[in-house]
Amino acid sequence: MATGVRLLGPPLLGVAAIVLVWEAWTRVLAVPAFIMPAPSRIVLRFQDDALVLGGQLAWTLLEAGLGLGIGVLIGIVGATLMAHWLLAERALLPLAVVIKVMPTIALVPILITWIGYNLWPKVIVAAIATFFPVLINMVTGLRAVDTCALEFLQSVGANRAEIYRRLRWHAALPYLFSALKVAINLSLIGAIVGEWFGAEVGIGKVIRQTGLKMDMSGMFAAIVMLVVAGCALMVLVGWIERRVLFWHASTQPEGEGAGLQWLTG
Amino acid sequence: MAHRLIARYRGVVPPLVLLAAIVLGLEVLVRALRLPSYLLPAPSAVAAELASSPDYYLANARVTLVEAVGGLALGSVIGFGLGALMARSVFAERVLMPLAVGVRVTPIIAIAPIFIIWFGFTIWPKLVVAALITFFPVLTNTVVGLRSVDARTLELLRSLHASEWEIFTRLRVPNALPYLFAALKVGVSLSLIGAVVGELVGAREGLGHVIDDASINLVTKTVFSAVVALTGMGIVLTEVASAVERRALFWHESQRSSHQ
């Protein structure tokens, strides 16, 4: 309990300070709502819209989840190839970097022309956004094995598949989770970007349409919903990580500031 | 010298072969299926488009480049400043880090239209978007870099009565430089994406505007040309950042190549 207050107190203080200044600023200067709505207006609007926003968010989460699944799968398979086969790394890694540098957002309209106004353009964008951190971390993780353990396994005649399953995979798991913490938000952002240029449902569509109508409080209510979902997903990944990696040093609490590690990942 | 050239050449060949195979495959696919240009333009058509109006693409690329580099500079200064504050005080970290994470998980494209309303069709919305995207990696790497100093060197400096400022400039900042360059290498491509996002929501020039304009009119080959130009810019900027890193960090072990 006391540690909970110690850890959650300061961030809540920071948020409260910002909300107060924001509220005071909009009231004192009488800032019109279409430029910057006061937090109190956003909260009221959020209460009104919560159910509708929740339904829209569910679609976005579905798109992001499918995209994340595909992206993680591509990342793991690609990293497994690269970690075992130098030519694959030499040929594929620069290509992966090119895909990463490419502004995916520019290709969304084209994807929609190809596939239509359905779920899949959003899933593809989310997958493109998420595969890179997983790939990079997995390549590092699959190689970061303990040399003694590797030599021991080789000396007892373990083949590459056994070494992969019993040693490399476990060594890579901490790296995979730290990539997942980045990727989970990237998948949400990817789904939103996919919805931006044409969607019938989704929280990105809500943000776009309220923005076009200059309905700022509706827009901020949707953004708040999204940020809350993003933070909740990050906490969820951190929780699963502590469950799965209970044996690894990175999940052990240590000293000051350790409680915020799940945030910075 | 010759050895290094050959080593570099050998590293470049496999990706180039793969890239050439993909480009060739696309060309054959488009020609064999007679795909209309608005669905998928042939690579040769994209190359011809870029070659036919280089001035148009160069002028717009310059606009985007200025926005991206300006935004990166702004984001780096903010990220480093906040990072230095957080590295110094755990309380500041506890207050500010969740806010920074909140900014990071917010899809910037969702809030970009607000900046257009605030700042109008000027360079500022693009700078702000690029800065918002780039500040986070700089921030986290600054915190880690400033904190992870060698304990014995720190004790030595303290025993010589070095002031906190001297410790900061002579030990902590040099120690943080490799982390900062790692963040900058991520940041250059992010800043380009930020500038394009800023342009997509409202601009009169820049490659993002070119893409927006062309995709509304279904001129797909222009969209691809702009994307190719942006990707090229991203690769060049990342290489520039790496080159500056090699110059500035010649003393650091991360810059020693493993085969020497």
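Residues numbered from 1 in each chain as written. Chains lettered and ligands numbered in written order. Predicted model: local features only at pLDDT ≥ 70, side-chain atom pairs only at ≥ 80, totals over all residues.

1. Points about the overall build of chain A
On a plain count of helices and strands, chain A comes out with 10 helices and zero strands. Each helix and strand of chain A, placed in order from N terminus to C terminus, yields the pattern α-α-α-α-α-α-α-α-α-α. Seen along its three principal axes, the alpha-carbon backbone of chain A occupies a region of about 75 × 55 × 30 Å. Per-residue burial for chain A yields a buried fraction of 39% across its 265 residues. Within chain A, contacts between residues separated by at least 24 positions form 77% of all contacts whose residues are at least 6 apart in sequence. (Helix = DSSP H or I, 4+ residues; strand = E, 2+ residues; numbered from the N terminus. Buried ≥ 20, exposed ≤ 12 C-beta atoms within 10 Å, placed from the backbone. Contact = placed C-beta atoms within 7 Å.)

2. Description of the overall build of chain B
Helices and strands together make up the secondary structure of chain B, namely 10 helices and zero strands. In chain B, the succession of helices and strands from N to C terminus is α-α-α-α-α-α-α-α-α-α. Viewed in the frame of its principal axes, chain B has a C-alpha envelope of about 75 × 55 × 30 Å.

3. Regarding the interface of chain B and chain A
Chain B puts 43 residues into the contact, and the matching count from chain A is 41 residues. Those elements that place two or more of their residues in the side of chain B that touches chain A are helix H1 (2-33), helix H4 (90-105), helix H5 (108-119), helix H8 (164-201), helix H9 (207-216) and helix H10 (220-248) of chain B. Take the side of chain B that touches chain A: its biggest share by element is 12 residues, from H4(B). Looking at the side of chain B that touches chain A, its residues break down into 31 nonpolar, 10 polar and two charged. (Nonpolar A, V, L, I, M, F, W, Y, C, P; charged D, E, K, R; others polar.)

4. Details of the packing of helix H3 (residues 54-88) of chain B against H8(B)
The angle between the axes and the distance between the axes are what describe a pair of packed helices. Residues and elements named next belong to chain B. Close contact between H3 and H8 brings their axes to 8 Å; oriented N to C, the two are set at 125°. Classed by the angle they form, the pair H3 and H8 counts as oblique. H8 is crossed by H3, and the crossing has right-handed handedness. Contacts between H3 and H8 involve Thr 64, Glu 67, Ala 68, Gly 71, Leu 72, Gly 75 and Ser 76 from the first element and Leu 184, Gly 187, Val 188, Ser 191, Leu 192, Gly 194, Ala 195, Val 196, Gly 198 and Glu 199 from the second. Here the residues of the contact of H3 with H8 sort into seven nonpolar, eight polar and two charged. (Axes fitted to C-alpha atoms, helices over the stretch in contact; angles between N-to-C directions. Parallel < 35°, antiparallel > 145°, perpendicular 65-115°, else oblique. Left-handed = near helix turned anticlockwise from the far one by under 90°.)

5. Here we look at the domain arrangement of chain B
All names here are of chain B. As far as domains go, chain B holds domain 1 (1-34) and domain 2 (38-255). Domain 1 and domain 2 are separated by 28 Å when their C-alpha centres are compared. In this complex, domain 1 contributes five residues to the contact, which on the side of domain 2 involves four residues. Among the residues forming the side of domain 1 that touches domain 2, the class breakdown is three nonpolar, no polar and two charged. (Domains from an automatic or database assignment.)

6. Details of unusual backbone geometry
At A:Met214, a residue that is not glycine, the phi angle is positive and equals roughly 60°. Considering the arrangement of structural elements, one finds A:Met214 in the loop between helix H8 (203-212) and helix H9 (216-244). Backbone geometry places B:Leu218, a non-glycine residue, at a positive phi of 60°. Assignment of secondary structure puts B:Leu218 in the loop between H9 and H10. According to the C-beta neighbour criterion, B:Leu218 is partly exposed, with 15 such atoms within 10 Å.

7. With respect to the confidence of the model for chain A
Residues and elements named next belong to chain A. With 91% of its residues at a pLDDT of at least 70, chain A reaches an overall mean of 84. Per-element averaging of pLDDT across chain A places helix H10 (residues 261-264) at the bottom with 43 and helix H2 (residues 39-84) at the top with 92. Predicted confidence is poor over residues 254-265, with pLDDT under 50, and the contacts of this stretch with residues over four places away or in other chains come to 18 contacts. (pLDDT = per-residue confidence, 0-100.)

8. Observations concerning the nonpolar core
Generally speaking, soluble globular proteins have nonpolar side chains that are buried together. By size, the foremost hydrophobic cluster in this structure holds 121 residues, and its most contacted members are A:Ala222, B:Val196 and B:Val197. With 16 residues, the top contributor of residues to this core is helix H5 (residues 119-143) of chain A. Ignoring anything within four residues of it in the chain, the contact list for B:Val197 reads A:Ile105, B:Ile108, B:Ile109, B:Ala112 and B:Val129. (Core = buried A, V, L, I, M, F, W, Y, C linked by C-beta atoms within 7 Å.)

9. Quick look at H9(B)
All buried positions along H9(B) are accounted for by B:Leu207, B:Gly208, B:Val210, B:Ile211, B:Asp212 and B:Ser215. Looking at the packing, one finds that the buried side of H9(B) touches helix H4 (108-115) of chain A together with H3, H8 and H10 of chain B.

10. Examining the confidence of the model for chain B
Residues and elements named next belong to chain B. Confidence along chain B averages 86 in pLDDT terms, with 93% of residues attaining 70 or more. In the model of chain B, H1 stands out as the element of lowest mean pLDDT, 80, in contrast to H3, which has the highest, 94. Model confidence for the complex is summarised by a pTM of 0.81, with the ipTM given as 0.75.

11. Remarks on the environment of B:Ser242
All names here are of chain B. As for its placement among the helices and strands, Ser 242 is situated in helix H10. You can call Ser 242 partly exposed: it has 15 C-beta atoms within 10 Å. The spatial distance from the C-alpha of Ser 242 to the C-alpha of Phe 181 is 8.0 Å, given a sequence separation of 61 residues.

12. What to know about helix H6 (residues 124-147) of chain B
Residue and element names in this part refer to chain B. Between its terminal C-alpha atoms H6 stretches 33 Å, which fits the 34 Å expected from 24 residues at 1.5 Å a residue. Its axis deflected by about 35° at Phe 135, H6 carries its strongest bend there, up to four residues before the proline Pro 137. Burial analysis of H6 places 21 of its 24 residues in the buried class, which makes it a mostly covered element. (Expected span 1.5 Å × (residues − 1). Bend = angle between axes of the 7 residues up to and from the residue.)

13. Thoughts on the packing of helix H7 (residues 160-196) of chain A against H9(A)
Residue and element names in this part refer to chain A. Remark: H7 packs on H9, axes separated minimally by 9 Å, with the N-to-C direction vectors making an angle of 165°. Classified by the interaxial angle, the pair formed by H7 and H9 is roughly antiparallel. Like other packed secondary-structure pairs, H7 and H9 cross with a definite hand, here right-handed. On H9, the residues touching Leu 173, Phe 177, Leu 180, Lys 181, Ile 184, Asn 185 and Leu 188 of H7 are Gly 230, Leu 233, Met 234, Val 237, Gly 238, Glu 241 and Val 244. Residue classes in the contact of H7 with H9 are distributed as nine nonpolar, three polar and two charged.

14. Looking at the environment of B:Ile193
Its location among the elements puts B:Ile193 in helix H8. On the basis of neighbour count, B:Ile193 is assigned to the buried category, with 26 C-beta atoms found within 10 Å. Considered as a pair, B:Ile193 and B:Leu85 are 108 residues apart in the sequence and their alpha carbons are 28 Å apart. The residues touching B:Ile193, leaving out its near neighbours within four places in the chain, are A:Pro103 and B:Ile133.

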